[in-house]
Amino acid sequence: MTTAGITSRAHPLWLAYILHRLSGLGLALFLPFHFWILALALTDPARLDGFLAFTEIGAVKLAEFGLVFLLAVHMFGGLRLMALEWLPWTPSQKTLAAGATALSFLIATLFLMQAV
Amino acid sequence: MTSQTLSVTIDRGAHGRDVFDVPAYESQTVLDVVSWVQQNADPTLSYRFACRVGMCGSCAMMVNGVPRWTCRTHVSKVVQDGAVQIGPLRNLPVVKDLVVDMDPFFDKWVGAEGVHHGALTRDDPIAAVDETSPARVEANAGIECINCSVCYAACDTVAGNPDYLGPAALQRAWTLLNDAKDEGRLAILDAVSGSGGCHNCHSMGSCTTYCPNELDPMSAIAGLKRETAKSFFRRGR
Amino acid sequence: MLSLRLYMLQRITALLMAPLVLGHLATMIYAIQGGLSAAEILGRTQGSVAWFLFYGLFVIAVSVHGAIGLRTVAYEWGGLKGAALEAFMWVVGVGLFALGARAVWAVTFA
Amino acid sequence: MKLSDIERHDTDILILGTGGAGLFAALHAQQTAPAGTKITIAVKGLIGKCGCTRMVQGGYNVALGGGDTVERHFMDTIQGGKWLPNQDMAWRLCEQAVVRIRELENEVGCFFDRNPDGSLHQKAFAGQTADRTVHKGDLTGIEIINRLMEKVLASGVEKLQEHRAVGLIPTKDRSALAGVLMIDMRTGGFRLVRAKTVLMATGGGPTMYKYHTPSGDKTMDGLAMALRAGLQLRDMEMVQFHPTGLLAGDHTRMTGTVLEEGLRGAGGQLINHAGQRFMFDYDAKGERATRDVVSRGIYAEMRKNNNPDQEGVFISMSHLGTDWVAEKFKGMVKRCADSGFDLAAGKVEVVPTAHYFMGGVVVDVDTRTAMEGLYVAGEDAGGAHGSNRLGGNGVANSTVYGGIAGDTMGRDVAHMTLRDPDEDVLAAEFERAIYPLTRKPDLILPLRKQLQDLMWEEVGVMRTKAGMKRGLEGIAQLSEALMDVGVDASNLAFNLTWHDWLNLRSLCDISEVIAKAGIARANSRGAHYREDFPEDGGLENSDFTVAALENGEVNVTRKPVQFTIVRPGETILPEGEPETLVAAQ
Ligand SMILES: Cc1cc2nc3c(=O)[nH]c(=O)nc-3n(C[C@H](O)[C@H](O)[C@H](O)COP(=O)(O)OP(=O)(O)OC[C@H]3O[C@@H](n4cnc5c(N)ncnc54)[C@H](O)[C@@H]3O)c2cc1C
Ligand code: HEM
Ligand code: SF4
Ligand code: F3S
Ligand code: FES
């Protein structure tokens, strides 16, 4: 009940935290699926091709983009975190947080642009 | 001013919520509002305070869902459309109404070795301390903590992880680690490396954001992570 | 819940993965030019010790990293404790590793 | 609730209160008591988080060389107290403070501010002839109490938090203390704790004044209990007013809280309703005069103005430079800003505010009282300060004597046993505490306000016999009225309103003693100023008041001060010592 108040007043560092967690969760949920598809190369190359062709479809493409985005967000979020924890600390971490997210977004978008 | 009133909702745990109309004044803190209710409207309302000037850290509550020291929170800062909602501090067991049991907070304070480990005695002279030395500056940064538990209430890691020592206790440990007079280095590093230690912190920074004294437990905890990581490579634990 | 050891493992695997992820992303960006096909993937990776090591390391790191990460979330948000929590972590870790190893094997030496 | 519902609990050493005195006693008792001695600490709030030691701003007086000596500290204390202090107690205070500060720094781990060369930084409060006050910024109390608190929490003493002592229960023959009756505030239940030795360190607290600084939990409970137990109380007319308390209206708990002394020291100006500086009309030192003098100056201006819409005077800092003030007095400026006042650029309305109580239980230099098994230290004990406490001597007193009490109890406990309580007294104290639960509930606040106004008007900064007589009558009426006000007894758990009633009960009882002692002293000394007797009555003939309950009546007598170390007009400083070592401001 009281949690709501805190989150509704979320500040940049908390947003960075929740983004990192959700992206990590998303990745962890996606990964088994990703592995399973790749393993099709062993058992059923035709179906793998089927899936890969699938990626040309808009919705799937968006999902793929989402995954890369997750990976980028999570990775830069993670690197941000480790910088925060281990490098002599600068007070401008909010900027750092924002910067990292922006950078990851940039890369993801780049990816998308390349892909189309 | 007295013609105006505030609509004050107070969370009373199992008894639900009560709404009171409280006269508004120019100089009025959230603690004053709560006191007015107890002194004039509902004599059974329970809350805790002592110093009334932000020194004792016993009056913290959730105000509109945010942890705050109530004696130093002017109503005008929190009032929204003439209304305020007040509840007991988060992450601690409620004794009654707005009173929480702070023992877990202090047990963890002690559990983080948050106590001076000295080798000198009263028979020794007072050691010279260079206040500008980096270690002292670092130690000094967290010294004004009033153990109000606001950071502890703000932290979602505490909410999800009952073992987590929490920001204030870990900040105290960091202060001691940097205190040249303290001899408890290994004990502290062990205490903050255990299952409830600093490594549980996700640097979500709510502690630093809400600390009423503008302290920065998040950075203190980062300091602990650094030192424990170093000692991990050196000592292998 | 996170002891120093798990924390370090999580961070070390994260650091390890950073270049791997970048490498993986770069390959992907390069590879999807003109569409993906099973043959294309296999053509690149089949029989390559380098790719085997690359993705093998990736899989090990991600299993360890993901398992520890999910353990934290399961504890904080799911209330999983004690032996159940440890079991959960191991199942996730071993599961991810098994699936990943199979995939890597599939695209390299199978 | 029945008498038989009282839970019974035994311990060896019981400590009431967790200010500097209580916490130090706990640490020292552990060091001196035989192994296996059980130590229990009971407190009205949470350990270390209530009381006034935590609120100490300015600092801790101790002579640490650089020209300053224990002798000089002692002479300042005696002169500041206008020759009324118990000289042996004052001496011990000054002498032991030197040990205690090393203990705080070395064993307890306190941080204190340093000079560039690494030594302790010391400054001078008004009334001191040397830079003597050790401090941590202007939050010295937080540092001292937090460090003590964590030591005590880690030491494993038994904790009875939010336990309010309501009665001292003696043995049948009344010669010794058997135990203390308490209310477990969290449940509303009663607990009788028997102990071989008990330290009372509940810290006085003159909160019966309209404007007051102490924390809300301090309401003279200890002295009221001691009075009922038949103990002698000395110097009870001596209430110290701090000149600059915040004035923010009577609906806020901020009113009365201290604006620090350093503001005046740094050149802060006091401005009256007409916009004029006035302190030089009263004293050559202007705003920098001692607390009692400035308090009286402000009070006189307030009386001259006599305007209910603008009661106080103003403190103004802006001429010193807004930025400089904001930087130098960061904490104070922030505190004012949180309450809606601009200290750095604007002016803030202030009034004298009741700050400290010099009076207290008669004890010996080892904190023993006339009652075997009962020890008293800190603000509850009388004698060390006489008629006026120097800024910085308060926390020194509570920590020094708290430690001594712990040592003394630790040694005495070895040859003491648990005693049986007088069940009649127990029953009476119990009845007294539950009395309001049997009456028809009504508001308590109006009575408390009336008492506070009355004490402020008639037994406050300036006093006359006629005024104090009116005060006494008023107190009697309020006391009676209180007995007609009941408390809703449907839920006694954390029932603050019940405790408000008990607080007011203690305050009424001690207010009466203050007024009677004030009448008994027909001269002016330190904090006690008689408009009808402005002279000091001759230092050679100094005597102190002693109040005690006799046949249910408060009776005040006077006893001559024993000049055991130094006589008025003399000094123990070596010949040729300069009057003051503090550079003139
Ligand atoms: C705002 C302020 C600033 C001050 N600044 C200075 C300064 O700069 N230098 C200086 O030397 N002095 C200063 N003083 C004075 C100093 O704080 C006191 O002299 C000293 O701390 C008293 O210590 P104590 O241990 O006797 O009492 P306290 O620290 O007041 O502790 C009393 C304890 O007893 C408890 N208690 C009360 N009633 C009961 C009961 N019925 N049952 C159980 N427990 C009870 C209280 O809850 C509290 O824990 C200041 C005081 C105030 C109010
Ligand atoms: C370069 C790549 C990666 C980096 C740098 C990285 C970094 C991190 C870091 C530092 C944490 C700790 C967060 C904390 O303590 O708050 C973390 C948590 C986590 N990671 Fe990663 N990670 C990476 C890749 C992955 C991948 C591929 C997955 C997919 C399984 C993943 C899943 C998780 C999960 C589930 C968490 C737990 C989230 C939490 O505790 O809030 N990570 N990551
Ligand atoms: S760090 Fe800040 S919020 Fe946390 S307990 Fe200390 S003062 Fe309160
Ligand atoms: S809010 Fe909690 S997660 Fe860490 S940064 Fe502060 S302790
Ligand atoms: S009452 Fe002490 S901090 Fe608020």
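Procedures and definitions
- Residues numbered from 1 in each chain as written.
- Chains lettered and ligands numbered in written order.
- Predicted model: local features only at pLDDT ≥ 70, side-chain atom pairs only at ≥ 80, totals over all residues.
- Heavy atoms only, no water.
- Helix = DSSP H or I, 4+ residues; strand = E, 2+ residues; numbered from the N terminus.
- Buried < 20%, exposed > 50% of the residue type's maximum accessible area, 1.4 Å probe, protein only.
- Areas by Shrake-Rupley, 256 points an atom, 1.4 Å probe, with all protein chains shown as cover.
- Patch = residues over 30% accessible without salt bridge, like charges linked within 9 Å, V, L, I, M, F, W, Y side chains within 5 Å.
- Salt bridge = Lys/Arg side-chain N within 4 Å of Asp/Glu carboxyl O.
- Near = heavy atom within 4 Å.
- Nonpolar A, V, L, I, M, F, W, Y, C, P; charged D, E, K, R; others polar.
- Pairing = 2+ DSSP bridges.
- Axes fitted to C-alpha atoms, helices over the stretch in contact; angles between N-to-C directions.
- Contact = heavy atoms within 4.5 Å.
- 1 Å grid on protein atoms, 1.4 Å probe; cavity = no way out; pocket = protein on both sides within 12 Å on 5 of 7 lines; lining within 4 Å.
- Points joined across faces, edges and corners; volume = space filled by probe spheres on them.
- Phe/Tyr/Trp six-rings, centres within 6.5 Å; stacked < 30°, edge-to-face > 60°.
- Parallel < 35°, antiparallel > 145°, perpendicular 65-115°, else oblique.
- Donors = N, O, S within 2.8 Å, 3.2 Å for Na, K, Ca; no water.
- Buried area = accessible area lost by both parts, 1.4 Å probe.
- Polar contact = N/O pair within 3.5 Å; in protein donor to acceptor, adjacent residues only side chain to side chain.
- Expected span 1.5 Å × (residues − 1).
- Lys, Arg positive; Asp, Glu negative; His and termini not counted.

Caption draft 1: Here's a closer look at the overall build of chain B. Of the regular secondary structure elements, chain B holds 10 helices and 7 strands. Based on the C-alpha atoms only, the size of chain B along its principal axes is roughly 65 × 40 × 30 Å. Looking at chain B residue by residue over its 237 residues, the buried ones come to 66%. Entry remark: accessible area of chain B is about 7,800 Å², with carbon and sulfur atoms responsible for 51%.

Caption draft 2: Region of the structure containing a nonpolar patch on the surface. Together, Val49, Leu53, Trp105 and Phe109 of chain C make up an exposed nonpolar region whose accessible area comes to about 400 Å². Looking at where valine 49 of chain C falls in the secondary structure, it is placed in helix 3 (residues 49–78).

Caption draft 3: Examining the site of ligand 4 more closely. Residues and elements named next belong to chain B. Taken together, 13 residues sit near ligand 4, with Cys155, Thr157, Cys201, Gly205 and Cys207 positioned nearest. Only helix 9 (206–210) and helix 10 (217–235) provide two or more residues apiece to the shell around ligand 4. Per-class residue counts for the shell around ligand 4 are 8 nonpolar, 5 polar and no charged.

Caption draft 4: Structural context of the sheet that holds strand 10 (residues 189–194) of chain D. Residues and elements named next belong to chain D. Judged by pairing direction, the sheet is mixed, and its 4 strands sit side by side in the order 1-10-9-8 without closing on themselves. Two strands bound the open sheet, and with one partner strand each, they are strand 1 (7–10) and strand 8 (163–170). Direction aside, neighbouring strands of the sheet carry axes that sit 25° apart on average. Taken strand by strand, helix 14 (residues 496–520) contacts strand 8, strand 9 (177–184) and strand 10, and its axis lies near 45° from that of strand 8.

Caption draft 5: Region of interest: the arrangement of the chains. Pairwise contact counts over the 4 pairs of chains in contact peak for chains B and D. There is no contact between chain A and chain D; across them, the least C-alpha separation is 21 Å. These two, chain C and chain D, are apart from each other, with no contact and a minimum C-alpha gap of 23 Å.

Caption draft 6: Structural detail: empty space enclosed by the protein. In total, this model carries 10 cavities of 30 Å³ or more according to the counting rule given. In this structure, the largest cavity spans a volume of roughly 100 Å³. Surrounding the largest cavity, 13 residues form its lining, Val166, Arg228, Arg432, Leu502 and Ser506 of chain D being those nearest its centre. Of all the secondary structure elements, the ones that give two or more residues to the lining of the largest cavity are strand 8, helix 5 (221–228), helix 11 (423–434) and helix 14 of chain D. The dominant element in the lining of the largest cavity, judged by the number of residues it contributes, is helix 5 of chain D, at 4 residues. Considering only residue class, the lining of the largest cavity consists of 6 nonpolar, 1 polar and 6 charged. Approximately 80 Å³ is the volume found for the second largest cavity. Residue lining of the second largest cavity: 13 residues in total, with Cys145, Ile146, Cys148, Cys151 and Cys211 of chain B positioned closest to the centre. In the lining of the second largest cavity, the residues fall into 9 nonpolar, 4 polar and no charged.

Caption draft 7: Inspection of the packing of aromatic side chains at higher detail. Residues and elements named next belong to chain C. Evaluation of the coordinates by the stated rule reveals 25 aromatic pairs over all chains. Ring geometry for tryptophan 51 and phenylalanine 54: centres 5.2 Å apart, planes at 80°, overall edge-to-face. Residue tryptophan 51 and its partner phenylalanine 54 are both found in helix 3; the two are separated by 3 residues, about one turn of the helix. Ring plane angle 85° and centroid distance 6.5 Å describe the contact between phenylalanine 54 and phenylalanine 58, whose orientation is recorded as edge-to-face.

Caption draft 8: The packing of helix 3 (residues 103–111) of chain B against helix 4 (residues 140–155) of chain D, seen in detail. Helix 4 of chain D packs onto helix 3 of chain B with a crossing angle of 90° between their chain directions and a minimal axis gap of 10 Å. Judged by the inter-axis angle, helix 3 of chain B sits roughly perpendicular to helix 4 of chain D. For the pair helix 3 of chain B and helix 4 of chain D, the contacting residues are Phe106, Trp109 and Val110 of chain B in the first and Arg147, Met149, Glu150, Leu153 and Ala154 of chain D in the second. Of the residues in the contact of helix 3 of chain B with helix 4 of chain D, the class split is 6 nonpolar, no polar and 2 charged.

Caption draft 9: Quick peek at unusual backbone geometry. For glutamate 113 of chain B, which is not glycine, the phi dihedral falls at a positive 60°. Exposure remark for glutamate 113 of chain B: the relative accessible area of 24% places this residue in the partly exposed category. Here the phi dihedral of glutamate 162 of chain D falls at roughly 50°; this positive angle occurs in a residue that is not glycine.

Caption draft 10: Just the coordination of the iron atom of ligand 2, in detail. Distances from the iron atom of ligand 2 to its protein donors, His74 of chain A (NE2) and His65 of chain C (NE2), fall at 1.9 to 2.0 Å. Accessibility expressed as a relative area gives 15% for histidine 74 of chain A, which makes it buried. The class of histidine 65 of chain C is buried, set by a relative accessible area of 14%.

Caption draft 11: Representation of the interface of chain D and chain B within the structure. Tallying the contact residues gives 70 residues for chain D and 68 residues for chain B. Roughly 6,000 Å² of surface becomes buried between chain D and chain B when both sides are summed, with 53% attributable to carbon and sulfur atoms. It is Lys49, Phe111 and Arg253 of chain D in chain D that bury the most area against chain B; as a group they hold 14% of the surface buried on that side. Along the contact surface separating chain D from chain B lie 8 salt bridges. Between glutamate 150 of chain D and arginine 172 of chain B there is a salt bridge, with the nearest N and O atoms lying 2.6 Å from each other. If you look at where chain D meets chain B, you find 44 residue pairs in polar contact (both at pLDDT 80 or more).

Caption draft 12: Up close: the interface of chain A and chain B. The partner chain B presents 28 residues to the 19 residues of chain A that form the contact. Of the roughly 1,900 Å² buried between chain A and chain B on both sides combined, carbon and sulfur atoms contribute 57%. Counting every contact that joins chain A to chain B gives 1 salt bridge. Residue lysine 225 of chain B is joined to glutamate 85 of chain A by a salt bridge in which the shortest nitrogen-to-oxygen separation is 2.8 Å. Our count for the contact surface shared by chain A and chain B stands at 7 residue pairs in polar contact (both at pLDDT 80 or more).

Caption draft 13: Structural context of the pairing of strand 19 (residues 543–550) of chain D. All names here are of chain D. A large share of strand 19 lies buried, amounting to 6 of its 8 residues. Note: strand 12 (residues 233–234) against strand 19, 2 bridges, orientation antiparallel. In the strand pairing of strand 19, arginine 234 is matched with valine 546. As paired strands, strand 19 and strand 20 (residues 553–560) are joined by 8 bridges and run antiparallel to one another. Along strand 20, the bridge assignment pairs threonine 545 with arginine 558. Hairpin remark: strand 19 followed by strand 20, antiparallel, with 2 residues in the connecting loop; positive phi at asparagine 551, about 50°.

Caption draft 14: Structural context of the sheet that holds strand 17 (residues 360–361) of chain D. Residues and elements named next belong to chain D. Strand order in the open sheet formed by 4 strands is 17-12-19-20, with antiparallel pairing between adjacent strands. Two strands bound the open sheet, and with one partner strand each, they are strand 17 and strand 20. In the packing of helix 14 onto the sheet, the strands contacted are strand 12, strand 19 and strand 20, and the crossing angle to strand 20 comes to about 40°.

Caption draft 15: Spotlight on helix 7 (residues 291–305) of chain D. Residue and element names in this part refer to chain D. Here helix 7 spans 21 Å end to end across 15 residues, near enough to the 21 Å set by a 1.5 Å rise per residue. Of all the 15 residues making up helix 7, 13 are buried; the element is thus mostly covered by neighbouring parts of the structure. Positive backbone phi, at 45°, marks asparagine 306, one or two positions downstream of helix 7.

Caption draft 16: Broad picture of the side chain of aspartate 217 of chain D. Within the fold, aspartate 217 of chain D resides in the loop between strand 11 (197–200) and helix 5. For the buried aspartate 217 of chain D, which has no salt bridge, the nearest side chain bearing the opposite charge is lysine 44 of chain D, at an N-O separation of 6.5 Å. From its side chain, aspartate 217 of chain D meets the backbone nitrogen of glycine 51 of chain D in a polar contact 2.9 Å long. The contact partners of aspartate 217 of chain D, leaving out residues within four places of it in the chain, are Ala50 of chain B together with Lys44, Cys50 and Gly51 of chain D.

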